[in-house]
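The lines below spell out each chain.
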Amino acid sequence: MFELFSKVKDFKISRRAFLGTGAAVTAGAMVPVTSKGLQKLSAVQAEELRDKEGEWIPAACWHNCGGRCLLKAHVVDGVVQRVKTDDTREDSADNPQQRACVRGRSQRQQVYGVDRLKYPMKRKHWEPGGGDKALRGEDEWERISWDEATDIVASEIERIKGKYDNRSILVTGGDISRALNLVGGHVGTWGTTSWGSWRWGPSYFGLQEGYFEHSINDRMDLRNSQLIVLWGLNPAWSSPGSPTYNFLQAKKAGARFIVIDPMYSESAELLGDEWVPVHVGTDHALMLGMAHTIITEDDPDDNPLIDWDFLKKCSVGFDQDMMPEGADEKQNFKDYVLGTHDGEPKDAAWASAISGVDETVIKRIAREIGSTNRVALLTGWAPARIKNSDSWPQMFMTFGAMTGHMAKPGRMTGVSCHFGTGNGGHRLVMGGGSGVPGGAENEVGESIVHAEMWKAIQNGEYTAGYNDKRDINIQMIYHGMGATLQTRDGQSYGIDVHKNVEFVVTNGHFITTNAKYSDIVLPATTHWEREGGFNVGNRDALFYYRRVIEPMYEAKDDAEITTMIGEKLGFTAEEVYGDIPARQQLFNQIAGATVINEAGTDYEPLVTITQEDISEWGVEGEPQQGRITIAELEEKGVYQVERKPGDNYGYIAQEAFREDPEANPLETATGKLEIYSEALQEYVKSIGFTEIDPIPTYNPAIEGYEDTYDNFENREKGDYPLQVINPHYLRRAHTIFDNNPWLREAWPNEVYVAAADAKERGVKDGDTVKITSKHGETLRIAHVTERLMPGVVGLMHGAWVEIDPETGIDRAGSDNILTGSIPTGQAISGWNSVIGDFEKWEGTPLKEDKYWEPRTV
Ligand SMILES: Nc1nc2c(c(=O)[nH]1)N[C@H]1C(S)=C(S)[C@@H](COP(=O)(O)OP(=O)(O)OC[C@H]3O[C@@H](n4cnc5c(=O)[nH]c(N)nc54)[C@H](O)[C@@H]3O)O[C@H]1N2
Ligand SMILES: Nc1nc2c(c(=O)[nH]1)N[C@H]1C(S)=C(S)[C@@H](COP(=O)(O)OP(=O)(O)OC[C@H]3O[C@@H](n4cnc5c(=O)[nH]c(N)nc54)[C@H](O)[C@@H]3O)O[C@H]1N2
Ligand code: SF4
Ligand SMILES: [Mo]
């Protein structure tokens, strides 16, 4: 508990602002902080603050949230009083303001959260070697000094290295590798995270993964599409900012929207002309059924549905005449669809039995896509975050190639997700590098796949590749960044691992799940408390932020934490990080920022820098000519490239390839789109889990729709008759903001259950339910809805686990309590392939989490 006046000091508020008499509290300004969070000021205090001008400072909104928006913080006397968003330009359809979502606008509640991690803390019963390790997660915390904390971390690194070796240290993220690599390195982690099977596989058959490179056209061109298919994406929740607005412009321009999704999402509601509910993870089967309709009904003269010219010119593997050299002719896609060799046509009836989509709908949509001139086939990554979905991206490409909806105005096939939602293309404006040199090499050079990580550590063996299993003995975990224990597959196994290793340390902002199960927690600054930098989101705009407030309490930048630990390990600050001061790093990023030139052919400097600027900043650099001054950047916090239809900044994905594939080959083995791809097959095999065919054949997911049945042929439901998905929810950015009191009120964290399933189980809206999977159990208040197709449960991604010590059941609705540790194919974390059930909870009903106590220490 803290008393008010120490707060005043902590937050660098002048005492005067607090010395008003006990006048009635008004609804005016607020300042931090009491044990209950932000506190309202008295009328006198508020008036005094109002008299001060303060400054609007561009403030970072740095989360992995799918958007990027301008935030500005109004700072008076070193304290943020309010937050606003983009008013730096007129709003228009072509050049929308970069407006913040509900989360960004609540960020003051996060930075000033009463539950901020304030000081380095040690678990009370920790001792070298771990002490009572099972107490992790339940133990009390003791405040310690930075000196003691970094001593403990460095000595544990040395101790564990000495007792075992560097292969016993696992780092899940962050800068700490720089220090650890100086003493021999550590084991890392890897996986396909966001992308599912879109991460690496597509480069082998010739499509882009959607984050770094795009296979869809830019937002202006979207308005040329007559039909837009949103296949498993919900921009209204997962890409806030302008993407949904851009889609709306396409709708105004006349596009028809079909939404294929097990959930009738806000995007479906706003944009959709038709909603096609599909069983989770069966999209591949559905698309095969559509391909069958097109193949069987295509007639080049009377009913052209297939773009034969495109297929022949730009792809291999479609039919027996288009096979790459050396391939078995029988293994072509067309024969597979028709069932020529396996006797099983993948027709609409076959697809309907798996996907749940009516046969007539499958045929009608297939015909519509095949016969419409300009179609955009857009998919998110969610349908690929499915175990065994390794061939799904290749299927998506194949369907686009068949119908020729690629690489032309209004025609595109690919990923529309995250920063690239509905707006593909190279960045039009970007920041420069900081100049910080790369760190020492990690001599261990080994990494464990997320999808098996916790179980592999439990079992002492992990998969390093095809026929390559290796012993592993992890005894120390350093969570430098990320929410790994919360966001990786099989959380129950993860908690067990955390209760058994010898040492766990976390850098963070709060007692997050990682921190909760640690021995030492180190308070990190937020981006509001740091020197500054750039953030990018959609391709049109670059966001600049600078220091808004001084570091809270004893929080330090991660770089400083790593440096301190490096020093305790016997190295100089320069050896850990180089010797470029933070101010110079920021200046370098500004000086190196570039923007597309008017012709759209090259980049030029963004910021004009004078000798005076250089002297004022106290940095080294050269004057340069750009578009805007440093002062303007510092004031506005955003630079947005002005767009208009037909300008030089448009983007048509793979346009040059389509025009002349010989002169502009893809980076695939054949230089073409590979509907038959041995390279993809080899790649998947090399990872060491499961294998696939060179053409996109349908592989039912592990824990997919078919597994909800004991006997799929006879349709006898099994013990886990429902499918659980984890939509990315507007309440949070993954786990971030789960503790934010405003967002807890705005977006209750209920589990979405289909009305028919609820009725069958005697569950009413607002009842507490227990959701069960093969791997765990969790409680939530039920939101009974018609928006989910029957058979599907929507457990929103990212809630912080809260294991009830009495029942052992999670009370928070943590998604990864329900996921297993089941690696498949190309190391996919298949979070959307989980089967389960729910029932009415007969124990104490849950309180809405807006009434939950914050995790303060
Ligand atoms: N079951 C299930 N699991 C999923 C998903 C799913 O759909 N279902 N989605 C997956 C996806 S797509 C993703 S991208 C991952 C995301 O997985 P993570 O990246 O692990 O998730 P975040 O919640 O973004 O975690 C960021 C953490 O870093 C902290 N942090 C932020 N900035 C700083 C900083 O500067 N310093 C320090 N020290 N800490 C900082 C935040 O407070 C937060 O705790 O989750 C995946 N996990
Ligand atoms: N608000 C918010 N936005 C975010 C994030 C966040 O945590 N919160 N995270 C960001 C990150 S890192 C990522 S990777 C992206 C993820 O963005 P996406 O990969 O698009 O994931 P989701 O938003 O979970 O799901 C999109 C839609 O797919 C549907 N869906 C789920 N399974 C299937 C399926 O098997 N088939 C079909 N056809 N549809 C399915 C869901 O119902 C949902 O409507 O979101 C980003 N945006
Ligand atoms: S979409 Fe992301 S960047 Fe934009 S305000 Fe919301 S949380 Fe911040
Ligand atoms: Mo993600």
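Rules and cut-offs
Residues numbered from 1 in each chain as written. Chains lettered and ligands numbered in written order. Predicted model: local features only at pLDDT ≥ 70, side-chain atom pairs only at ≥ 80, totals over all residues. Heavy atoms only, no water. Helix = DSSP H or I, 4+ residues; strand = E, 2+ residues; numbered from the N terminus. Rg over C-alpha atoms; globule rule 2.2 N^0.38 Å. Buried < 20%, exposed > 50% of the residue type's maximum accessible area, 1.4 Å probe, protein only. Contact = heavy atoms within 4.5 Å. Pairing = 2+ DSSP bridges. Axes fitted to C-alpha atoms, helices over the stretch in contact; angles between N-to-C directions. Phe/Tyr/Trp six-rings, centres within 6.5 Å; stacked < 30°, edge-to-face > 60°. Lys NZ or Arg CZ within 6 Å of the ring centre and 35° of its normal. Patch = residues over 30% accessible without salt bridge, like charges linked within 9 Å, V, L, I, M, F, W, Y side chains within 5 Å. Areas by Shrake-Rupley, 256 points an atom, 1.4 Å probe, with all protein chains shown as cover. Salt bridge = Lys/Arg side-chain N within 4 Å of Asp/Glu carboxyl O. Lys, Arg positive; Asp, Glu negative; His and termini not counted. Charge placed at Lys NZ, Arg CZ, Asp CG, Glu CD. Domains from an automatic or database assignment. Buried area = accessible area lost by both parts, 1.4 Å probe. Polar contact = N/O pair within 3.5 Å; in protein donor to acceptor, adjacent residues only side chain to side chain. Near = heavy atom within 4 Å. Nonpolar A, V, L, I, M, F, W, Y, C, P; charged D, E, K, R; others polar. Core = buried A, V, L, I, M, F, W, Y, C linked by side-chain atoms within 4.5 Å. UniProt positions renumbered as here; feature names shortened; annotations may be inferred.

Novice: What should I look at first to understand the overall build of the protein chain in this one?
Specialist: Helix and strand counts for the protein chain come out as 31 helices and 38 strands. Scaling as 2.2 N^0.38, a compact globule of 857 residues should have a C-alpha radius of gyration of about 29 Å, and the protein chain matches this with 28 Å. By principal-axis analysis of the C-alpha atoms, the protein chain measures approximately 85 × 65 × 55 Å. Here the protein chain, with 857 residues, has 61% of them falling under the buried criterion. A sequence separation of at least 24 residues applies to 71% of the contacts in the protein chain between residues at least 6 apart.

Novice: Is there a simple way to explain the sheet that holds strand β23 (residues 532-536) in this structure?
Specialist: Within a sheet, adjacent strands bond to each other through the backbone by hydrogen bonds, running parallel or antiparallel. Read from one edge to the other, the open sheet built from three strands follows the order β23-β24-β29, with strand pairing classed as antiparallel. Bordering the open sheet on either side are β23 and β29 (638-640), each of which pairs with just one other strand. For this sheet, the mean angle separating the axes of adjacent strands, direction not counted, is 15 degrees. Relative to strand β24 (residues 541-546), β23 is paired through five bridges, and the arrangement is antiparallel. Within β24, the residue paired with G533 across the bridge is Y545. Across the face of the sheet, helix α24 (residues 582-591) comes into contact with β23 and β24 while running at roughly 40 degrees to β23.

Novice: What am I meant to see in the sheet that holds strand β22 (residues 520-523) here?
Specialist: Strand order in the open sheet formed by six strands is β7-β6-β22-β21-β20-β8, and the pairing between neighbours is mixed. Each end of this open sheet is capped by a strand with a single partner; those strands are β7 (141-143) and β8 (169-173). On average, adjacent strands in this sheet sit at an angle of 15 degrees to one another, irrespective of strand direction.

Novice: Just checking my understanding: could you explain the packing of aromatic side chains for this structure?
Specialist: A complete count under the given rule lists 28 aromatic pairs for this structure. Measuring from ring centre to ring centre gives 6.1 Å for W231 and F396, while their planes differ by 90 degrees; the resulting arrangement is edge-to-face. Taken together, the residues W231 in strand β10 (residues 227-231) and F396 in helix α17 (residues 392-403) connect sequence positions 165 residues apart. This pair shows no difference in class: W231 is buried, exactly as F396 is. Seen from their ring centres, W350 and Y698 are 6.0 Å apart, and the 90 degrees between their planes marks the pair as edge-to-face. On the criterion of sequence distance, the pair formed by W350 in helix α15 (residues 348-355) and Y698 in the loop between α28 (678-687) and β31 (709-711) is long-range, its members being 348 residues apart. Overall, W350 belongs to the buried group, its relative accessible area being 15%. Judged by relative accessible area, Y698 falls into the buried class, the value being 11%. Site record: aromatic cluster; members linked through ring pairs are W195, Y211, F212, W381 and F419. Between R143 and the ring centre of Y119, over which it is positioned, the NZ or CZ distance is 3.5 Å. Just above the ring of Y709 sits the side chain of R715; from NZ or CZ to the centre is 5.4 Å.

Novice: Can you walk me through a negative patch on the surface in this structure?
Specialist: Where like charges cluster on the molecular surface, the negative patch consists of E655, E659, D660 and E662. Tracing the backbone shows D660 in the loop between α27 (655-659) and β30 (673-674). D660 gets classed as partly exposed once you look at its relative accessible area, which sits at 33%.

Novice: I would appreciate a short explanation of the domain arrangement of the protein chain in the present structure.
Specialist: In many reports, interface size means the accessible area that the parts give up when they come together. Per the domain assignment, the segments of the protein chain are domain 1 (2-111), domain 2 (121-192 + 432-640), domain 3 (206-425 + 658-682) and domain 4 (705-851). Using C-alpha coordinates to define each centre, domain 2 is positioned 31 Å away from domain 4. Every contact between the two is made by 26 residues of domain 2 and, on the other side, 24 residues of domain 4. Interface of domain 2 and domain 4: buried area, both sides summed, is about 1900 Å²; carbon and sulfur atoms make up 52% of it. Together, T192, Q486 and D489 form the three largest contributors to the area buried by domain 2 at its contact with domain 4, with a combined 27%. Applying the counting criterion to the domain 2 and domain 4 interface returns one salt bridge. Residue K516 pairs with E802 through a salt bridge whose shortest N-O separation is 3.2 Å. Our enumeration of links across domain 2 and domain 4 arrives at 15 residue pairs in polar contact (both at pLDDT 80 or more).

Novice: Explain the site of ligand 1 here, please?
Specialist: As a structural note, the neighbourhood of ligand 1 is formed by 29 residues, with A483, T487, R530, D558 and T735 the closest of them. In this structure, an oxygen atom belonging to ligand 1 sits 3.2 Å away from a main-chain N or O atom of G482. Between ligand 1 and D558, the relevant distance is 2.7 Å, taken from a nitrogen atom to a side-chain nitrogen or oxygen of the residue. About the coverage of ligand 1: the protein hides 92% of its 920 Å² of free accessible area. Listing elements by their share of the shell around ligand 1, those giving two or more residues are α19 (484-487) and α31 (815-818). The class makeup of the residues in the shell around ligand 1 is seven nonpolar, 17 polar and five charged. Shared between two domains, the shell around ligand 1 takes at least three residues from each, and those domains are domain 2 (121-192 + 432-640) and domain 4 (705-851).

Novice: Even after reading the chapter, I still don't get the site of ligand 2, so can you show me in this structure?
Specialist: For ligand 2, the set of nearby residues contains 36 residues, the closest of which are S238, D261, D283, R732 and H734. One of the backbone nitrogen or oxygen atoms of H734 is found 2.6 Å away from an oxygen atom of ligand 2. Relative to its unbound accessible area of 910 Å², ligand 2 is 99% covered by the protein chains. Taken together, the residues of the shell around ligand 2 sort by class into 19 nonpolar, 12 polar and five charged.

Novice: What exactly am I supposed to notice about the nonpolar core here?
Specialist: The tendency in soluble globular proteins is for nonpolar side chains to be buried as a group. W198, W231, M290, F318, F333, I369 and F399 are the most contacted members of the largest nonpolar core, which totals 76 residues. Per-element accounting of this core gives the leading share, eight residues, to helix α12 (residues 283-297). Taken domain by domain, the makeup of this core includes at least three residues from each of domain 3 (206-425 + 658-682) and domain 4 (705-851). With sequence-adjacent residues up to four places away left out, F318 is seen in contact with I295, I306, W308, L311, N332, F333, K334, M402 and I675. I448, W454, A758 and A782 belong to the second-largest nonpolar core, a separate cluster that totals 35 residues.

Novice: Honestly, the pattern of salt bridges in this entry has me stumped. Any pointers?
Specialist: Pairing between side chains becomes possible if they bear opposite charge and their charged atoms approach one another. Going through the model one piece at a time under the given rule, you end up with 53 salt bridges. When the shortest N-O distance is used, the salt bridge between D837 and R761 registers 2.7 Å. Here R761 lies in the loop between α30 (755-760) and β35 (768-773) and D837 lies in strand β38 (residues 834-840), a separation of 76 residues in the sequence. One connected set of salt bridges, linked through shared partners, spans R731, R732, D738, R780 and D849.

Novice: Got a minute to help me understand the side chain of N388 in this structure?
Specialist: With respect to the element layout, N388 can be found in the loop between β14 (375-379) and α17. From its side chain, N388 meets the backbone oxygen of P700 in a polar contact 2.9 Å long.

Novice: I'm lost on the side chain of K516 in this one. Help?
Specialist: Topologically, K516 is positioned in helix α21 (residues 513-516). Classification of K516 by relative accessible area gives buried; the value is 15%. Within the structure, the side chain of K516 is placed 3.2 Å from the side chain of E802, a separation counted as a polar contact. Look past the residues within four positions of K516 in its chain and what remains in contact with it is R136, G137, W141, I511, E802 and R855.

Novice: Even after reading the chapter, I still don't get the environment of T403, so can you show me in this structure?
Specialist: Looking at where T403 falls in the secondary structure, it is placed in helix α17. For the pair T403 and A593, spaced 190 residues apart in sequence, the C-alpha separation works out to 40 Å. Each residue touching T403, except ones within four places of it in the same chain, is listed here: I294, L305, D307, I369, G370, L377 and R411. Reaching out from T403, the side chain makes a polar contact with the backbone oxygen of F399 at a distance of 2.7 Å. Polar contacts involving the side chain of T403 include one to the main-chain carbonyl oxygen of G400, which spans 3.2 Å.

Novice: I would appreciate a short explanation of the UniProt feature "domain: 4Fe-4S Mo/W bis-MGD-type" (unreviewed entry) in the protein chain in the present structure.
Specialist: Look at the UniProt record and you will see "domain: 4Fe-4S Mo/W bis-MGD-type" (unreviewed entry) annotated at residues 54-115. A distance of 27 Å separates the end C-alpha atoms of residues 54-115, which is 15% helix and 27% strand.

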